[in-house]
Structures are given as C-alpha cells and as structure tokens.
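Architecture at a glance
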Amino acid sequence: MVRFILNKLLYLIPTFLGITIIAFSFVRILPGDPVLLMAGERGVSPERHAELTAQLGYDKPVVMQYFDFLGRLLQGDFGTSLVTKKPVLDEFMALFPATVELGLCAIILATVIGVPVGILAAIKRGSWFDQISMTTALVGFSMPIFWWGLLLIIFFSGMLGWTPVSGRISLLYYFPTPTGFMLIDSLLSGQPGAFKSAVSHLILPSIVLATIPLAVIARQTRSAMLEVMGEDYVRTARAKGMPQRRVIGVHALRNAMIPVVTTIGLQIGVLMAGAILTETIFSWPGIGKWMIDSISRRDYPVVQSGLLLIAGMVMLVNLLVDLTYGLINPRIRAS
Amino acid sequence: MSDTTVKLSDAAIRRRMLAEFWFYFSQNRGAVLGLVVFILLVLVAVFASVLAPHDPTVQYRDALLVPPVWQEGGRAEFLLGTDAVGRDMLSRLIYGAQYSLFIGIVVVSIALFGGIIIGLLAGFYGSWVDTVIMRVMDVILAFPSLLLALVLVAILGPGLTNAMIAIAIVYQPHFARLTRAAVMAEQKREYVTAARVAGAGNLRLMFKTILPNCLAPLIVQATLSFSSAVLDSAALGFLGMGAQPPAPEWGTMLAEAREFILRAWWVVTFPGLAILISVLAINLMGDGLRDALDPKLKRS
C-alpha cells in the first residue's frame, strides 16, 4: 500500500510542475508588457515602470523568472492582488469555505438522491420508474445550469417569494465568522433566525450545483448495479435461496459502490466548473465568483494563483479518490 | 472457404454495415427522437433566413419587452415576444441555432483532429513520446474545463472564435487519450503486423491501417463533446466571454436577459429551453450511437 501511495505521489509531481508552468505562462503569454497591463488605463511613468519591472523580476530571463515564481510558491507566497492589495492566498482562504459549504451541500444532495434512485432504477429495470428517472437524469445531465438557476429564481424567489435571490445570509444579521461556514457560524452566533436565513440562502444554489452530479451519479449507480447483478456470485446468492433484500443489499450493492464512489469523487472538477456559474448567478461570495470577477477586472496575480490553487486542489482530491479506490479494491493496488 | 460463399463488393459491405448500425440505433427510441430533433435543428439553422419572421438584430422601439402572443399584451407579429430593446425573440432563437451548430462543429473538428494526431503519435511511437504527450494531457485535464476555457479566453480576448479555440483545446485531451488507448490495443493485432510485413510505412500504418479501426469510441466521444461544446460556449457567452452582443447566440441572449428575469420571464425561458432541447437531443443520439457501436453491448 505504501508503494502504491508513493507511486501515485511521484506521478503527481510532473503534473503539478506542468500546472505551475501553465499558470506562470499565463501572465507571460498575455500580449503586451505585463507591467503596463497591470497598470491599466492610467499608465505609469517610465521611472516607475523600470522600478516595477525590476521589482517584479521581469528584467530577468524567462527561465529564471519561472524558478523565482516556483521558489515563491514553495514558500507559500502566491502574490498580491492588484485590486485589493491583499495577499492572494489570504483572499483564497477567506472565500474558500463559502465554496466548500456550497459544494458539500450539493454533493450530499446529489448522493443522497442519486444513489437510491440509481439502485431502484436498476432493480426495477424497464419499469416506469426506471424510464422516468433515467429520462429525468438525462435532462439534468443536459441542463444549462446557469439557466436552471435563473428559472428557479423566477419561480421560487419571484413568484412564490420563498427563497432569497442572492448572498449567503440576510443583511439583518451580523456576527463574527470564525469557521467561514455560514451554517455553523450562524448556529454559533445564537441569533434567532440566523440559521434559518443561512439555510434558505443555501437551498437554491445547492440544487443548481447538484443537478449535473446528481444525474451522473444516478446513471452511474444504475449501470454499476446492473453490471453487478449479472455476475455469477449474485446468481449463486440467489440460487442459495437468499432473500432479495440481502442479495441486493449485501452482495450486489457493496461491489457496485466501488465505481460509484469514484464517480462521486470525480465530480469535484464538475463542481468547481459549476461553482463558477452558480456563484455568479446567486452572487455567492466564493472562489468561482472571485475568479470571474478577477478575470473581468484583469487582476492577473489572482487569476494566476487562483488557477494554480484550484487545479492543485482538484488534483489532491483526485489523489484521495485514487487512494480510497486502492483501499477498497486491492486489485487496483496490484496493477 | 466453400464454393457458396458470395464475395461482396465494398459498397455492399458498407451497405450491410450501415443497415446493421441502423438496426441497433433504431432499437433505442430516445436516440431516434434525438436524431429527429437534431435534423430539425439543422434545418432551422440552414433555412434561418426563410423561417425567421424578422431580422434578428432589428430593434422595434415601439415594442419593448412585448410578451408572447398567448399572454395579455402579446402581439401577433412577435410570436414569442420581444426582448428589452425590441428585437423579435423567435427570430433571434432561429438564428441562434446557426451559432450553436457552428460552434459544435468547429470545436469538435479542432478537438478531434488535434486529439487524433496527438493520440496516434503517443500510441504508435510509445516510449518517451508517449510519456511527454500524456503528461501534458494530464496537466490540461487537471484544470476544471470551464475555468481553463475562461482563462484561455481571457488571454486570447473575449469573442466567439477565441471561445471556440479555448473549448477545443480543453476537450482535445479526451480524444487524444481515447485514440491512444485504441491504437495501443489495435497495434498488437495481426492485421497490423501483416501490413507492416507487407511494407507499409509508418504514416500508412497509422492513418490507413489502424485509425479506421479506432473510430467507434471517437464517434461516441465526438457526439458527447458536441453537446458539451454547445453548453460550454453558451456558458462562456453567459459570462460575457463568448459571442458578443448583439449576436443572437443563446448564452449571450441569456446574459442580456438576466436583469429582466423577474419582469419578463420569456426573455430568460426561451433561450435556455433552446439550449436544453438541443443538448438533450444530441445526448440522446450519443446514447444510441454508443449502444449501436459498442460490440460488448450488442451481444448482451
């Protein structure tokens, strides 16, 4: 197992270096002088330009610049935002819990609904339930979620007035946020109604973000179950006269869950892409909206480091999924 | 071989293969429905200038935010209503089909072409060529696709062409991986060795001998990428990074309609519905293609 983990880690190093090269080249490929680009429309005096060029290291050869960049990254220096003048890592850390909270709610929602629906659809293959749920799943899979979010806002916020349109909590509440997770912080604050407000703000974004993973998980669970149910050991269990509930619950489900767990883990990339759209629609102050805002504000250090941090995080989660997979299934470890 | 064996001409073999394909494809009702919708979409796009009742960019200043014809205040000349600057929704939706199909075709063509070449090289030559190429592909795949596309567009500058290039670059590793896997499996087959012994050069082996036998998974992936391309380009348009106004691209139309969502439901509902229906139709087709082209599924 240790060798398996080491192998996976070794495999990641070139990929991570590749990611740093892409993030580094991002600012270098931009047409024009990076200092002028960062200065924006106001421009800078020639003296200040020279000073900035030297300060940012743009007067050195590109390869040296890359190694400087890498060295700073290894020391935890991810640069400073041009707009807020705050360290990028601090901004990332401040906004990250909002995205994690939303992402966790979405993936829990998707799993809690998707897995049982997939199992039931497989057991009742060909039934109306199977057909309706799989058609719905395909619609969900094809859904432009930015439109879906707008529709939900029109219906639940506009027509019914049930849910708020944007943000994480009503402006009526103000309390310190030690964890950054609004659900926890609102509970800790002890203010009446704060938790309810946080939940009501979370409902629509979670549904929107969960839509595609839910569809994928339901479809994957169904096909994994169908495959397992055709296996010899399931037939043997049946032949022994084991009750249907036990055959499905113990023999089939456990084996079918292996690919499903992987699918759930791999949704992290999908969630991150979805978060960009969902957070934009609901003005959710998380990483996705931060990236979009930084791109439109041309805040390149943020875009550069944000790209790096997000890719690194996705890679880390994928590694964890791989390791879990190896833990559940010894055959993977051996290969 | 017995005397009764009839030698079929190439055309006859192709006809039989097509018939077999259609047999399996048509078993899937959803796939046939998807195909019908897709053909309709193509027809709408091709005959947009004939079908559209108005010019998609003309602004009727006396008809701002007119609701659809069946709603109170609706006008017969604007069947699906008008947008905030008085442009006919129906005409814009019809012209929007051109954009979506064009984007899908261009993105898939670039990604497919690039992916096939890269995958063929990696799979055929192996060793360090393979290692380098596949590591680069891993790096691209490590980024969430929409995020990478967004950043690429930020570098290249917002606009439809750059959005298409960005999406194609992001999709290309999927094709490269598929091609490589298929090439590596096919390369060990006897017909490849036979061709090599017969003196076929590397290029001929790659493109004429091996590639045609790797096409099935690529076709399925191309269909799925087509629908993703329509979705992602609409998302980029929605975020202001894709096609720019006043282009009647569905995602861009949604972006322009955002501020009116609580006042005029039709300006938001119809473009999204158009995206959903197109993507769904293509995905249904993709499912059918996979069933028809995957030999493992055929036997069961």
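Summarised in this report is the structure supplied together with it. (Residues numbered from 1 in each chain as written. Chains lettered and ligands numbered in written order. Predicted model: local features only at pLDDT ≥ 70, side-chain atom pairs only at ≥ 80, totals over all residues.)

Quick notes on the overall build of chain B
Each helix and strand in chain B was counted, giving 13 helices and 0 strands. Contacts spanning at least 24 positions in sequence make up 69% of the contacts within chain B whose residues lie at least 6 apart. (Helix = DSSP H or I, 4+ residues; strand = E, 2+ residues; numbered from the N terminus. Contact = placed C-beta atoms within 7 Å.)

A few points about the overall build of chain A
The number of helices and strands found in chain A is 14 helices and 0 strands. The helix and strand sequence of chain A, counted from the amino end, reads α-α-α-α-α-α-α-α-α-α-α-α-α-α. For chain A, the spread of C-alpha atoms along the three principal axes comes to 85 × 55 × 35 Å. Counting only residues that meet the buried cut, chain A has 37% of its 335 residues in that class. Partitioning the contacts of chain A with sequence separation of at least 6, the portion at a separation of at least 24 is 71%. (Buried ≥ 20, exposed ≤ 12 C-beta atoms within 10 Å, placed from the backbone.)

Re the interface of chain A and chain B
Facing 36 residues of chain A, the contacting portion of chain B comprises 34 residues. Of all the elements in the fold, those that place two or more residues in the side of chain A that touches chain B are helix 1 (2-29), helix 6 (128-141), helix 7 (145-159), helix 11 (244-281), helix 12 (287-297) and helix 13 (300-328) of chain A. Looking at side-chain class alone, the side of chain A that touches chain B contains 30 nonpolar, 6 polar and no charged residues. (Nonpolar A, V, L, I, M, F, W, Y, C, P; charged D, E, K, R; others polar.)

Notes on the environment of A:I310
Within the secondary structure, A:I310 is located in helix 13. If near-sequence neighbours (up to four positions away) are discounted, A:I310 is found in contact with A:M272, A:I287, B:P144 and B:L147.

Notes on the environment of A:Q244
Residue position: A:Q244 is located in helix 11. Exposure remark for A:Q244: the 10 C-beta atoms within 10 Å place this residue in the exposed category.

Comments concerning the packing of helix 6 (residues 145-156) of chain B against helix 10 (residues 215-238) of chain B
Residue and element names in this part refer to chain B. Where helix 6 meets helix 10, the axes come as close as 11 Å, and the angle between the chain directions of the two elements is 55°. With respect to each other, helix 6 and helix 10 are oriented oblique. The chirality of how helix 6 crosses helix 10 is right-handed. Across from S145, L146, A149, L150 and V153 in helix 6, the residues of helix 10 making contact are D232, A235 and L236. Taken together, the residues of the contact of helix 6 with helix 10 break down into 6 nonpolar, 1 polar and 1 charged. (Axes fitted to C-alpha atoms, helices over the stretch in contact; angles between N-to-C directions. Parallel < 35°, antiparallel > 145°, perpendicular 65-115°, else oblique. Left-handed = near helix turned anticlockwise from the far one by under 90°.)

Some remarks on the nonpolar core
Among the nonpolar cores identified, the biggest contains 171 residues, and B:L147, B:A149, B:L150 and B:I167 are the most heavily contacted of them. A per-element tally of this core places helix 9 (residues 194-229) of chain A first, with 19 residues. Not counting residues within four places of it along the chain, the set of residues in contact with B:A149 comprises B:A166, B:I167, B:V170, B:D232 and B:L236. (Core = buried A, V, L, I, M, F, W, Y, C linked by C-beta atoms within 7 Å.)

Things to note about unusual backbone geometry
Omega for the peptide link from B:P245 to B:P246 comes to 10°, which places this bond in the cis form. Looking at where B:P246 falls in the secondary structure, it is placed in the loop between helix 10 and helix 11 (250-257). One non-glycine residue with positive phi stands out, namely A:K85, at about 65°. For A:K85, the location among the structural elements is in the loop between helix 4 (62-74) and helix 5 (88-123). Given 7 C-beta atoms within a 10 Å radius, A:K85 is considered exposed. A positive phi angle, close to 50°, is found at B:L65, a residue other than glycine. Mapped onto the secondary structure, B:L65 falls in the loop between helix 3 (48-51) and helix 4 (89-125). For B:L65, a count of 16 C-beta atoms within 10 Å gives the class partly exposed.

The values reported here are purely geometric and, on their own, carry no functional implication.
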